[in-house]
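Here is what each chain is made of, one letter per residue.
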Amino acid sequence: VFKLSVPTSLMAHSMGNYVTQLVAQNTVDPEIVFENIFMVAADVRMDMFATDSNPAAPQATNIQGKADQANVYLDIPAEELRENGGYALTRLANHVHVLWNTGDPQLGIRELFQQGFGENIQRALGKYGDESEELTTLPYFQERVTYHDFSFEGEDHSYQLYQDAIDIYARYKSGGNTVTTAGGLNMLRAKSVD
């Protein structure tokens, strides 16, 4: 695991969230590196933080997850079906923020290509954040994951640099002035000078 010398948050957009998830799931002996991970228009499975998808997460409750689990999936990358993706992300950051939009047309494309793989796999977290939040039943995740509804943006996929999103990044920033991004975006690095 790498270490950062300043408090840093990561903002991942669309498929950048998939890459971030893979990095998190393949990190040996993870530890907190980021203050926050902001998952914007996340093109990852919508049940990422569901109890059933994260059996390694601390189970501090008897509540069982509501996620349907199909026994067989065909023609889908094994990485997409790996368990504990949400748990892996929360082991790299103090907090995860999901910015989602039900009107996101690009994430609708995911549904066309993943037909028959189970509704929770087929649907993207960045489009079905409301349903994902309902599946987030473990107190462990409820304390570490916050959902932000950006459906007011309408049919939009690239709202990561809109003022409302920037306001969320700024609100949860803690002490540092660096926001690192995944998915090829450059972000805020401005600091007010007294």
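Reference entry: report on the structure contained in this document. (Residues numbered from 1 in each chain as written. Predicted model: local features only at pLDDT ≥ 70, side-chain atom pairs only at ≥ 80, totals over all residues. Heavy atoms only, no water.)

Let's shift gears to the overall build of the protein. A tally of helices and strands in the protein yields 8 helices and 5 strands. Put simply, the protein runs from its N terminus to its C terminus through helices and strands in the order β-α-β-α-α-β-α-α-α-α-β-α-β. Out of the 194 residues in the protein, the part that is buried amounts to 52%. A fraction of 80% describes how many contacts in the protein between residues 6 or more apart in sequence connect residues 24 or more apart. When the accessible surface of the protein is totalled, it reaches about 9600 Å², and 49% of it is carbon and sulfur. (Helix = DSSP H or I, 4+ residues; strand = E, 2+ residues; numbered from the N terminus. Buried < 20%, exposed > 50% of the residue type's maximum accessible area, 1.4 Å probe, protein only. Contact = heavy atoms within 4.5 Å. Areas by Shrake-Rupley, 256 points an atom, 1.4 Å probe, with all protein chains shown as cover.)

A few words now on the pattern of salt bridges. Summed over all chains, the structure comprises 3 salt bridges. Note that Arg 45 and Asp 47 form a salt bridge whose closest N and O atoms lie 2.6 Å from each other. For Asp 47, a relative accessible area of 1% translates into the label buried. For Arg 144, the salt bridge is made with Glu 143, and the minimal N-O distance between the two is 3.6 Å. Overall, the relative accessible area of 56% leaves Glu 143 in the exposed class. (Salt bridge = Lys/Arg side-chain N within 4 Å of Asp/Glu carboxyl O.)

In this section: the side chain of His 13. Along the polypeptide, His 13 turns up in strand β1 (residues 8-13). Relative accessible area serves as the criterion here: at 10%, His 13 is assigned to the buried category.

With that out of the way, let us pick up the nonpolar core. The tendency in soluble globular proteins is for nonpolar side chains to be buried as a group. Counting residues in each nonpolar core, the largest one holds 26 residues, and the members touching the most others are Ile 37, Met 39, Phe 49, Val 98, Leu 125 and Phe 141. Mapped by element, the contributors of at least two residues to this core are α1 (16-25), β2 (34-40), α3 (85-90), β3 (93-100), α7 (139-142) and β4 (145-149). Ignoring anything within four residues of it in the chain, the contact list for Met 39 reads Ala 12, Asn 17, Val 44, Met 48, Phe 49, Leu 89, Val 96, His 97, Val 98, Leu 99 and Leu 125. Core analysis: the second largest hydrophobic core is formed by 13 residues, Leu 107, Ala 124, Ala 165 and Ile 166 among them. (Core = buried A, V, L, I, M, F, W, Y, C linked by side-chain atoms within 4.5 Å.)

Turning next to the pairing of β2. Along β2, 6 of the 7 residues are buried, which leaves the element largely enclosed by surrounding structure. Looking at chain direction, β1 and β2 are connected through 4 bridges and run parallel. Its bridge partner being in β2, Met 11 is matched across the sheet by Phe 38. Once you follow β1 into α1 and on to β2, the crossover reads as right-handed. Summarising the sheet, β2 and β3 pair through 6 bridges and their orientation is parallel. When the sheet's bridge partners are listed, Phe 38 is paired in β3 with His 97. (Pairing = 2+ DSSP bridges. Right-handed = clockwise from strand over helix to strand, strands pointing away.)

A word on the packing of aromatic side chains. One pass over the structure, following the stated rule, counts 6 aromatic pairs. Site record: aromatic cluster; members linked through ring pairs are Phe 49, Tyr 87, Tyr 140 and Phe 141. Lying over the aromatic face of Tyr 128, Arg 123 brings its terminal NZ or CZ to 4.1 Å of the ring centre. (Phe/Tyr/Trp six-rings, centres within 6.5 Å; stacked < 30°, edge-to-face > 60°. Lys NZ or Arg CZ within 6 Å of the ring centre and 35° of its normal.)

Every buried residue of helix α8 (residues 163-172) is accounted for by Ala 165, Ile 166, Ile 168 and Tyr 169. Buried residues in α8, looked at end-on, bunch into an arc of 155 degrees, giving them a common side. Residues of α8 that are exposed and point more than 90 degrees away from the buried face comprise Gln 163 and Arg 171. Where α8 is buried, its residues contact β1, β2, β3 and β4. (Arc of directions from axis to C-beta.)

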